[in-house]
Amino acid sequence: MISTDVIVIGAGPVGLFAVHQLGIIGLKAEIIDNLNKVGGQCSELYPDKPIYDIPGIPKCTGETLTENLMEQIEPFGSKIHLNERVQEVVKEGTKWKVTTSKQKIFNTSAIIIAGGVGSFEPRKFSLKDSENFEGKSIFYSVKDKSFFENKDICIFGGGDSALDWSIELSKKSKVTLVHRRDEFRGANKSIEIVNKLKKDGKIQVETPYQLESIEGKDKIKSVMIKNEDGKNKKIKADILLGFFGLIMQLGPIANWGLGMDKKTIAVNTENFETNQKGIFAVGDICSYPGKLKLILSGFHETALAARGCFKYARPNEKYRFEFTTTSKSIKKRLGVKNDKQE
Ligand SMILES: Cc1cc2nc3c(=O)[nH]c(=O)nc-3n(C[C@H](O)[C@H](O)[C@H](O)COP(=O)(O)OP(=O)(O)OC[C@H]3O[C@@H](n4cnc5c(N)ncnc54)[C@H](O)[C@@H]3O)c2cc1C
């Protein structure tokens, strides 16, 4: 059994920043995520894409933001438990017992749920044999752009991800964009760029077509696509990318007795506490009137939720508001020795 002040469920950007907000007020945290890496949607869905609306950082990729957050929480030495899903949350006296899928048990004064969209999974190709090629020639996200250079790539989907990656990957590979409708759903600017690339012969666009079959044994050699009239086309391809959106699977969170609002957790806006005393929810997973699913909103929510945790973790102490610039105790927790040299 591991004892701590606060368990943070989810190591997305908001969960990571929650550790910071807890750390500066002197609370210990352990963080648990069922993915094999930190960063949540930023690492899993758009590591290479620039984000433009993080306060004070004009432009950074999802990956850089995650790295910076990891550096920011490093002084607190919080343990991160990856590849473990939080399965059960049960009240035991004044504490909470948290059990993971690996049967690890935590005893904690408070919990911050930063579970995003829950355990999210990409919607996949419906063809049965597509599973055999997954991770080798079929992908649902781009993790390392260089892997997709000098290839014949067939991108399926009609939204922003399909359009953006068609534009990006067509710089160094031959790209065919296939969508089951004639109209794309993405940003107008991206649609304009794709149309221009098509006109200039730099990209092939096939609509309204869907994947019919895959040809190849160990490796994909080509695919057959089919339209509504039954017309088939063969496309040379060694890589398939599917961008069909995500399946939101809230998973076990739905069974913890929390007040749910569709697939999100209802919270107050004073400190983002749920209907269960000592359990807070922040980031994409929480809902309240006016909620914006943005990273910056999640960061704000963690500042208040962390202070909310304080009364459960330190019931005999009074929380005192302090600035990081001027507080000696915060600087000590951050390991700052000499401000002037920093
Ligand atoms: C393509 C795309 C572009 C985006 N661009 C922007 C942008 O420009 N600006 C912006 O502000 N936002 C953007 N967003 C939204 C932003 O990524 C989210 O608001 C943000 O990731 C939410 O952070 P989070 O930490 O709340 O959740 P997430 O990032 O979803 O992380 C939640 C984590 O919780 C884990 N988890 C869930 N349930 C459990 C469980 N039971 N046990 C253990 N772990 C669990 C998940 O595995 C996941 O890692 C974009 C999103 C997408 C998809």
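All of these numbers come straight from a predicted model, not from anything done at the bench. (Residues numbered from 1 in each chain as written. Predicted model: local features only at pLDDT ≥ 70, side-chain atom pairs only at ≥ 80, totals over all residues.)

Of regular secondary structure, the protein chain possesses eight helices and 22 strands. Taking the principal axes of the C-alpha coordinates as reference, the protein chain spans close to 75 × 45 × 40 Å. Expressed as a percentage of the 342 residues in the protein chain, the buried residues total 38%. Pairs at least 24 residues apart make up 59% of the contacts formed inside the protein chain by residues separated by at least 6 positions. (Helix = DSSP H or I, 4+ residues; strand = E, 2+ residues; numbered from the N terminus. Buried ≥ 20, exposed ≤ 12 C-beta atoms within 10 Å, placed from the backbone. Contact = placed C-beta atoms within 7 Å.)

Another point: the sheet that holds strand E22 (residues 286-287). The strand order across the open sheet built from three strands is E19-E20-E22, with neighbouring strands paired in mixed fashion. The open sheet has two free edges, formed respectively by strand E19 (260-261) and E22, since each of these has just one partner strand. As defined by bridge partners, E19 adjoins strand E20 (residues 264-266) across two bridges and the pair is classed as antiparallel. What sits directly across from Met260, in E20, is Ile265. (Pairing = 2+ DSSP bridges.)

Further remarks concern the environment of Ala18. Considering the arrangement of structural elements, one finds Ala18 in helix H1 (residues 13-24). Along the backbone, Ala18 and Ile73 are 55 residues apart, and their C-alpha atoms lie at a distance of 9.2 Å. Leaving out residues up to four positions away in the same chain, Ala18 has contacts with Val8, Ile112, Ala114, Val282, Thr302, Ala305 and Ala306.

Relative to the 27 Å expected for 19 residues at 1.5 Å per residue, helix H7 (residues 295-313) spans 26 Å between its end C-alpha atoms, a close match to the ideal helical length. Where H7 is concerned, the buried positions are Ile295, Gly298, Phe299, Glu301, Thr302, Ala305, Ala306, Gly308, Cys309, Phe310, Tyr312 and Ala313. Contact partners of the buried residues in H7: strand E1 (2-9), H1, strand E8 (105-113), strand E21 (279-281) and E22. (Expected span 1.5 Å × (residues − 1).)

Among the nonpolar cores identified, the biggest contains 53 residues, and Val6, Ala18, Ile111, Ile112, Ile113, Phe280 and Cys309 are the most heavily contacted of them. The leading source of residues in this core is H7, at eight residues. (Core = buried A, V, L, I, M, F, W, Y, C linked by C-beta atoms within 7 Å.)

Turning our eyes to something else, we now look at the pairing of strand E6 (residues 86-92). Inspection of the sheet shows E6 paired to strand E7 (residues 95-100) by six bridges, in the antiparallel sense. Bridging across to E7, Glu88 finds its partner in Thr99. Adjacent in sequence and paired antiparallel, E6 and E7 are bridged by two residues, among which Gly93 carries a positive phi angle near 65 degrees.

Attention shifts here to the site of the ligand. In the region of the ligand, 36 residues are neighbours, and Gly10, Gly12, Gly40, Gly116 and Gly283 sit closest. Taken together, the residues of the shell around the ligand sort by class into 18 nonpolar, 13 polar and five charged. (Near = placed C-beta within 6 Å. Nonpolar A, V, L, I, M, F, W, Y, C, P; charged D, E, K, R; others polar.)

With that settled, consider the sheet that holds strand E17 (residues 239-242). Across the sheet, five strands lie side by side as E10-E17-E11-E12-E13; this open sheet has parallel pairing. Sheet topology places strand E10 (138-139) and strand E13 (204-206) at the edges, where each strand pairs with a single neighbour. Sheet analysis places strand E11 (residues 152-156) next to strand E12 (residues 174-178), joined by five bridges and oriented parallel. Looking across to E12, one finds that Cys154 is bridged to Thr176.

Any link to function would need more than the numbers given here.
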